[in-house]
Amino acid sequence: MAAAERSRRPPDPPPIVAQVKRKILVLDLDETLIHSHHDGVLRPTVRPGTPPDFILKVVIDKHPVRFFVHKRPHVDFFLEVVSAPQRPHKCPITAL
């Protein structure tokens, strides 16, 4: 295999990866699966007036703060697919 061809493909995983029976998928929530903002702070990623999918109420330094959470399109389907028992999937999503 030519050097240029090897540099284009991802490196082979370490041999130990093939032995792992259960894989872990790590996802960055904010701006990947959801958009969120807190009281009084609007994000340019959410159209003004769009109702949140849910509101998360937390206390920070003894002050109540509400976070308005907007799920990204198709996030429920994506999570359903990746959380299903491990079997081959045909998933039409290429990027969220």
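This one's a predicted model, so the numbers in the text were calculated from it and none came from an experiment. (Residues numbered from 1 in each chain as written. Predicted model: local features only at pLDDT ≥ 70, side-chain atom pairs only at ≥ 80, totals over all residues. Heavy atoms only, no water.)

### Considerations on the overall build of the protein chain
- A count of helical and extended segments in the protein chain gives 3 helices and 3 strands.
- Residues classed as buried in the protein chain amount to 15% of the 96 residues present.
- Of the roughly 8,500 Å² of accessible surface on the protein chain, a fraction of 60% belongs to carbon and sulfur atoms. (Helix = DSSP H or I, 4+ residues; strand = E, 2+ residues; numbered from the N terminus. Buried < 20%, exposed > 50% of the residue type's maximum accessible area, 1.4 Å probe, protein only. Areas by Shrake-Rupley, 256 points an atom, 1.4 Å probe, with all protein chains shown as cover.)

### A short note on the pattern of salt bridges
- Tallying each qualifying case throughout the model produces 1 salt bridge.
- With a closest N to O distance of 3.1 Å, aspartate 76 and lysine 71 form a salt bridge. (Salt bridge = Lys/Arg side-chain N within 4 Å of Asp/Glu carboxyl O.)

### Remarks on the pairing of strand S1 (residues 34-38)
- The element S1 is extensively covered by neighbouring structure, given that 4 of its 5 residues are classed as buried.
- With 5 bridges joining them, S1 and strand S3 (residues 63-71) adopt antiparallel strand pairing. Bridging from a neighbouring strand, serine 36 pairs with valine 69 of S3. (Pairing = 2+ DSSP bridges.)

### Examining the sheet that holds S3
- The strand order across the open sheet formed by 3 strands is S1-S3-S2, and the pairing between neighbours is antiparallel. Single-partner strands in this sheet number two, and they are S1 and strand S2 (54-60). Sheet twist, expressed as the average angle between the axes of neighbouring strands with direction ignored, equals 30°. (Axes fitted to C-alpha atoms, helices over the stretch in contact; angles between N-to-C directions.)

### Observations regarding helix H3 (residues 75-83)
- Residues of H3 that are buried include every one of Val75, Phe78 and Val81, and no others. Taken down its axis, H3 places every buried residue within 125° of arc, on the same side. Exposed and oriented more than 90 degrees from the buried face of H3 are Glu80 and Ser83. (Arc of directions from axis to C-beta.)

### Here we look at the pairing of S2
- Two elements, S2 and S3, share 7 bridges in a ladder whose sense is antiparallel. Paired with isoleucine 60 across the strands is histidine 63, a residue of S3.
- Linking two consecutive strands that pair antiparallel, namely S2 and S3, is a turn of 2 residues; a positive phi of about 50° is found at aspartate 61 within it.

### Notes on the confidence of the model for the protein chain
- Predicted confidence across the protein chain gives a mean pLDDT of 76, with 73% of residues reaching 70 or more.
- Averaged pLDDT values for the elements of the protein chain fall to 62 in helix H1 (residues 3-8) and rise to 92 in S2. (pLDDT = per-residue confidence, 0-100.)

### Describing a nonpolar patch on the surface
- A cluster of nonpolar residues, Leu25, Leu27, Leu79 and Val82, forms a patch on the protein surface that exposes about 300 Å² of accessible area.
- Of note, leucine 27 is situated in the loop between helix H2 (15-19) and S1.
- According to the relative accessible area criterion, leucine 27 is partly exposed, its value standing at 34%. (Patch = residues over 30% accessible without salt bridge, like charges linked within 9 Å, V, L, I, M, F, W, Y side chains within 5 Å.)

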